[in-house]
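What the coordinates show
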Amino acid sequence: MRRSSRWFPILAAAASLLPAACRANPSPAGSSGAAPRGETLELKGYEVIHLQLAEPLHRLDAAGRPATVSEAYLVRLEVGKPKGWDELVRFYVGDYQVPEYGGWERGIYFKIYDPGLLTRLAGGELRYRIGGGELHGFGKRLEVPPLERIPRRREADLFPRRPASR
Amino acid sequence: MAIPRVGRTACYAILALAGLTPLAGCGGCGGNHGGGGDQGKGGGATDGKAGVQQTGGTIVPTPRDLVGHAQPGFLSPPVIVPPLLGCGTAVTVQGFVPGATIDIVSGGAHIGGGLGTQPWGQTFPISPALVVGASVTATQTLGGPPSNPSDAVPIQNWHDVYPEGLPRPHFPALPLYQCGVATVVDSLPPGGTLRVSAGPSGGPAGVVGQVVGVAAAQSVGIGPAFVLNHEVTAQAQICSDLSPVSTLHVVQQPPPVLPAPEFRGLIEGGTWVVLGQLVNGTSVTIKNGAATIGGGGAPATLVRFPVSPALPAAGTNIQATQELCGVQSGPGSGTVQPCSNLPPVHMHAPLPGDTRVRLIDPLPGASTLIFASAQEVGNGGGPVVQLIRALKAGETVVAIQVLGSCIAGSADQVTVGQGLDDPGQGGGCAVQELEYGKPGTPGARTTDITAYFNSPDASVSTPMSAVPLHAIVRYPRGLGPFPLVLVVHGNHSPTEASEPGYVYLLDHLASHCMIAASVDENFLNGNVGGEMGARAIVLLRHLQLWREWTQTPGNQFFGRVDLGAIGIAGHSRGGEMVTVAPIYDSVRNNPADPAHDFDFGIRGAYAIAPVDGQLSDPLVPKEIVRTTDYYVMHGTHDGDVSDFQGYKNFDRAFPVGLPAAGFKGLLWVYGANHGQWNTVWGTGSEWAVDPAADRISGDDQRAIGKTYMTAFFLSSLAGYSEYNSFFSGEASFGALPRAVRRVFQYQDPRRIFLDDYEESADPAAGSYPGVTNAPVGPLSPYSRIAFSDRGPSFWTWEETEGLEAGWQQGAEVDVKVPPDLAAKAAGFPFLALRVAQNYEPSPSRNTPGVDKDFSVQIRLFDVDLPEVAVSSLVALPYPEVTNHPKRGNQTKTVLQTLRIPWSRFLGDRPLAELGHLSMIRLKFNRQQSGLVAIDEIQFTR
């Protein structure tokens, strides 16, 4: 699945060094910077994909104008999920809160429709918060290759779906 | 033989051709029961401190001896429907015996009246116009001396009644059809003038209907008839002031087929018939054989029509047809029933002190005799009968329906203060099943939600551009219209359908004569975030379906859904959604966009173990309930939403500084978990919270859930406001598991806060001008704090501010009441506050397992009246100490509403002495030590 895309594995050894890494690279305001107590999530890796949408999407652009988009950038995190379903896990890249995301077999994904936003997020620390709990860092920053080098995939191949009814 | 009254009859909103008024029993009815009367010792609903156990009503053979002792000529005073507005040219009267002569008086002069035929609310022209500052009374006369006069209703300036301006008229019966000759308009200033205008788009509009001297809701004849594609609006006027113009409606093509009218309530000798399945604007003809005995324009779907001559002998077949633009329905027929089939009329549960009895769905044209302790105390008609004296706790009240010379063979009997039917028991409606929109089935609809969410879980197979509008439905048999409740699940595995998990609720609500549907939003489930807005949009699009169905002749739900009585319930993420949807109903509403044509006016929202704060929408920075009644229910053993997030939404609902448009309540259930509210979820998808042995069974948890939810929607949607006495702790029911402890809060919309602790960090400063607080004796702490601790120091988990007070020996807090506030006290039956004993990880002032107690005392003049022990009213239990395997100590200090009837202080003193109230004292003198959280000291109903 990952062969045609760029994947950023996080070594098991690196994960164990997470607290030290966070101290070495001060986190944005709000990050605890310490190994979370209780429920925690582990980020095993992530990838960025240039996505050809299955169908054009009508949405508002950054200026609030109606726009139709046919492409997006998909960020997939290989990350666990807390037990229970209703408590929300919020994901962040730097101070940017991912506004919506969905699950896939090994974690969560989110889409970025604005290339400029993806560029701005590059280098931001990947973080999360479970419910009303503390903000935690995964100990990893979002690395984004030059946009033209991001591997392309078709959404229909990644997420095969069909209408519920005619 | 006496039989238990099984539930209640269906609640119908019936629209009559003329003289339409708001109707008791259904949406918008007022009544005098809300919040319960002063019942003396009531009691919290926590285990061991139950309120007055309710026995419900009983159907008994009509006591002929009582009827025989009815005084000839005795009549109740009629009831004038408020408000009365200056410049008004009509007064609406109800509660009289059909056939009585009504005399309306103001300033000692007769100003109007006439033959009373519509006791549910008849609007009489008056002259001269009403004058602000005066008041109006009415009497009824029927072959004897006149009744006593009604309660005087003051005439008000409309600016005082509608401080935000005259209401915008509204067409509740839509669509408007070509050739239509009648319709109905509501949200009108009573006594004003209504004009309905129509014309081609862009062209001149002419008045096609006008009524001078309207009721708040008014049927109106249309002439000339509506023309296809003409644009119709309505506007009201009072004095020289015009209301805003209504929403514009375009006249539609008439339906190709009209349903046959359906009859209800045909009893020999009756002078009215009720017809359902009518299409808005049709011309109706009612016949006995070849003779026309009634008819006219149908302003709505369910309409009362007078018939003349009166209905013939039992067994006669009566027929009705409706016609629109040359299309004629088939005949609907009904057989006239004998007098022996005249049904009993049911009462809303009367409370001590009530001076009126509200009746449920009385037969049009009938009157009702009311006896209390075998004394005839009322004889009137329609949905409200005025009594000649106040009812007393524990006395037996009997209501007997009478139609001409026919006396119903059975009657409704209740005990005052104990007359609520148990909402945890099945109701009286037969339940039918339906499932709509299942993917792949004929006619299944889908909707596009990509503008709100487009990142579904990978296991979801449907695209967000075409998600199913699919639900499981239970609905009552009958004409309706019935309230509609949509139930929505929360997040769970998308591969396991969640909506079947609430079928137990649907069955129960439907048995209580409500349409209930559990909505499938599984496609929004999974490892997802940011989908909260989409959850609300899907719900609103289901409501669009229901609106379409009830407005489409030929649909099985045509005319059967009361669009003025819509409620929603949701669990977990669905629980937050119930606070989002009413906001989206207005802020996302756009009549020009079919996908966003909402404006349903959702009336009640019930949250089951909800989350909070998951909506990310710049249009709605934070959900604040302002327009719907709100209830939240949560358990100590919730292993998913373990931090009781709905408490924050409860705190925000109806902000203390603003008038409240509804009531709110909260239930904290010891031992309840997250999943057992849903029979599919069970216990497996959350962490098990310790102590595991304290978790209650799923059956007990669901029994509590369906009892509270049913009571909530009966109150919020169906007009049974007396169920608020259950939420406030004055009433309790046998269906509740006795061993399960419950802590509750109730906030009535009618309240004056003395101390809400929102304004100042100084606990000495009251919220009401002139109120001051002073500690007496050693109190430590004694401080206003944010009740937002998610743990230490006070474990409050809220989103508000309050007072923390601790003592090691006798101490008190004195609340000084200024004279102008004291003058208002008697207008509110209760002194109330929220209070809890705090959890202490290392107990020092509170003792685990021991309920907290203290006293409350009031001072009149300079006299301290006897203290009232809190423990005599409610239990203040030590918090259930819970531990989450991953999140640690989750113990919560959840406050309990304490409501003290003034009578507990006053004893035999007259209520008027409250005008000299000078001090309220919270005296911590019943236990050596304590630490308590206190908030929202208030006068309330």
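Residues numbered from 1 in each chain as written. Chains lettered and ligands numbered in written order. Predicted model: local features only at pLDDT ≥ 70, side-chain atom pairs only at ≥ 80, totals over all residues. Heavy atoms only, no water.

1. Remarks on the overall build of chain B
Where we set the bar: Secondary structure elements are defined from DSSP: runs of H or I of at least 4 residues count as helices, runs of E of at least 2 residues count as strands, and each element is numbered from the N terminus. In this description the radius of gyration comes from C-alpha coordinates, and the expected globular size is given by 2.2 Å times residues to the power 0.38. When a residue's accessible area, from a 1.4 Å probe over protein chains only, is under 20% of the maximum for its type it is buried; when over 50% it is exposed; and in between it is partly exposed. Residue contacts are defined here by distance: any two heavy atoms, one from each residue, within 4.5 Å place the two residues in contact. Using a 1.4 Å probe, accessible areas were evaluated by the Shrake-Rupley method; residue-level cover was limited to the displayed protein chains. His is not counted, nor are the chain ends, whereas Lys and Arg count as positive and Asp and Glu as negative. Just so you know, the charge point we use is NZ for Lys, CZ for Arg, CG for Asp and CD for Glu.
In terms of helices and strands, chain B carries 10 helices and 61 strands. Taking 941 residues into account, the globule formula puts the C-alpha radius of gyration at 30 Å, and chain B, at 28 Å, falls close to it. Across its three principal directions, the C-alpha atoms of chain B cover 85 × 70 × 60 Å. Looking at chain B as a whole, 63% of its 941 residues are labelled buried. In chain B, 74% of the contacts between residues at least 6 apart in sequence involve partners at least 24 apart. Approximately 29,700 Å² of chain B is accessible, and the part contributed by carbon and sulfur atoms is 53%. Side-chain charges of chain B comprise 56 positive and 77 negative groups, with the mean position of each set lying 2 Å from the other.

2. Concerning the sheet that holds strand 6 (residues 84–85) of chain B
Residues and elements named next belong to chain B. Note the cut-off: When DSSP finds two or more bridges between a pair of strands, those strands are recorded as paired.
The strand order across the open sheet formed by 5 strands is 6-12-11-8-9, and the pairing between neighbours is mixed. A strand with exactly one partner marks an edge of an open sheet, and here the two such strands are strand 6 and strand 9 (109–115). The pairing of strand 8 (residues 101–106) with strand 9 spans 6 bridges and is antiparallel. In the strand pairing of strand 9, Ile102 is matched with Gly114.

3. Points about helix 3 (residues 503–511) of chain B
Residue and element names in this part refer to chain B. The element helix 3 is extensively covered by neighbouring structure, given that 8 of its 9 residues are classed as buried. Taken as a whole, helix 3 has its buried residues at Val503, Tyr504, Leu505, Leu506, His508, Leu509, Ala510 and Ser511. Considering only its buried residues, helix 3 is in contact with strand 36 (431–436), strand 39 (471–476), strand 40 (482–488), strand 41 (515–519), strand 43 (604–608) and helix 7 (698–716). Cys513 sits one or two residues past helix 3 and shows a positive phi near 70°.

4. Digging into the packing of aromatic side chains
Between two aromatic rings, the relevant description is the distance of the centres plus the angle of the planes. Cut-off, in case you're wondering: By convention, a stacked pair of Phe, Tyr or Trp rings (six-membered ring in the case of Trp) has centres within 6.5 Å and planes under 30 degrees apart, an edge-to-face pair has planes over 60 apart, and any other such pair is tilted. Any Lys NZ or Arg CZ found within 6 Å of a ring centre and within 35 degrees of that ring's normal is scored as a charge over the ring.
Scanning the entire structure with this criterion turns up 38 aromatic pairs over all chains. Here Tyr720(B) and Tyr723(B) contribute two aromatic rings whose centre-to-centre distance is 6.5 Å and whose plane-to-plane angle is 65°, an arrangement assigned as edge-to-face. Side by side, Tyr720(B) and Tyr723(B) carry an identical accessibility label, which is buried. Here the basic side chain of Lys81(A) rests over the ring of Trp85(A), its NZ or CZ set 4.0 Å away from the ring centre. Its guanidinium or amino end placed over the ring of Phe650(B), Lys664(B) lies 4.5 Å from that ring's centre, counting from NZ or CZ.

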